[in-house]
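Topology and contacts: notes
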Amino acid sequence: MGNHHQQKQSALVDVFEHNGIIVIDYGPHGVVDLPRITEALRLHREISIDKMPVLLRCDDIIRADYDAQRFAATNEVIAVTSAVAIVVKSFLARHLGNMFLRYHLHPYPTRLFENESKAIDWLNSLKQQKEV
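Throughout what follows, the structure given in this document is the object of discussion.

How each quantity is defined
Residues numbered from 1 in each chain as written. Predicted model: local features only at pLDDT ≥ 70, side-chain atom pairs only at ≥ 80, totals over all residues. Heavy atoms only, no water. Phe/Tyr/Trp six-rings, centres within 6.5 Å; stacked < 30°, edge-to-face > 60°. Buried < 20%, exposed > 50% of the residue type's maximum accessible area, 1.4 Å probe, protein only. Salt bridge = Lys/Arg side-chain N within 4 Å of Asp/Glu carboxyl O. Helix = DSSP H or I, 4+ residues; strand = E, 2+ residues; numbered from the N terminus. Contact = heavy atoms within 4.5 Å.

Moving on, we come to the packing of aromatic side chains. In total, this model carries 1 aromatic pair according to the counting rule given. Each ring, one from Phe113 and one from Trp122, has its centre 5.7 Å from the other, and the planes form 45°; the classification is tilted. Judged by its relative accessible area of 9%, Phe113 is buried.

Encoded structure:
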C-alpha cells in the first residue's frame with residue numbers, strides 16, 4: 001500500500017495510517033478477541049484521535065469473540081471511526097464477516113470486501129461525500 005505516515009506495532013496487531021485511512025492488520029493470529037481489539041484501538045488513538053475511516057485486514061481470522069464484536073460499537077470506537085471496510089480472503093473469514101454484519105448494528109458504515117483496493121475505493125468515496 002505504499003508509504004505509511006505512522007505505524008504502531010504490538011505483539012497482537014499492527015496499525016498504521018495511509019492516505020487518511022487507519023489500517024488495522026490482525027495478521028495470522030486467527031482470533032479477534034477483546035485484548036486484540038482494545039490494543040488496536042489504543043494504537044489507533046496513538047496515531048490519531050480524529051474520526052477516520054478504518055480498513056480491517058482479517059485475512060486469516062477463524063473466530064471473532066462476542067465481546068470484541070460488541071466493543072466495536074462502543075463510544076470509544078465510534079469517536080475515532082467514520083466507516084469500516086473489512087477485507088477477508090478465506091471462505092471462513094468471509095462467513096464470519098457476513099455474520100458480524102448481519103447480527104450487529106453498526107453506528108458507522110461497514111462493508112465486507114474480498115479485494116483491498118475495492119475496500120479503499122469505497123472508504124475514499126465516503127470521505128469525498130463528506131467533503132462536499
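Once the structure has been displayed, the description carries forward.
A complete count under the given rule lists 4 salt bridges for this structure. Of the charged contacts in the structure, one is a salt bridge between Asp25 and Arg57, with a shortest N-O distance of 3.4 Å. A residue pair is termed long-range when its members are at least 10 positions apart, and Asp25 in strand β3 (residues 21–25) and Arg57 in strand β5 (residues 52–57) qualify at 32 residues. On the accessibility criterion, Asp25 (21% relative accessible area) is partly exposed. The class for Arg57 is buried, based on a relative accessible area of 16%. Ionic pairing is found between Glu46 and Arg42, a salt bridge with its closest N-O pair at 2.3 Å. You can see Glu46 and its partner Arg42 sitting in helix α1 (residues 34–47), 4 residues apart, about one turn around the helix.

For Asp65, the location among the structural elements is in the loop between β6 (63–64) and α2 (66–71). Separated by 32 residues in the primary sequence, Asp65 and Asp33 have C-alpha atoms spaced 5.1 Å apart. Those residues in contact with Asp65 that sit more than four places away from it in its chain are Val31, Val32 and Asp33.

Worth remembering: the numbers are spatial, not functional.
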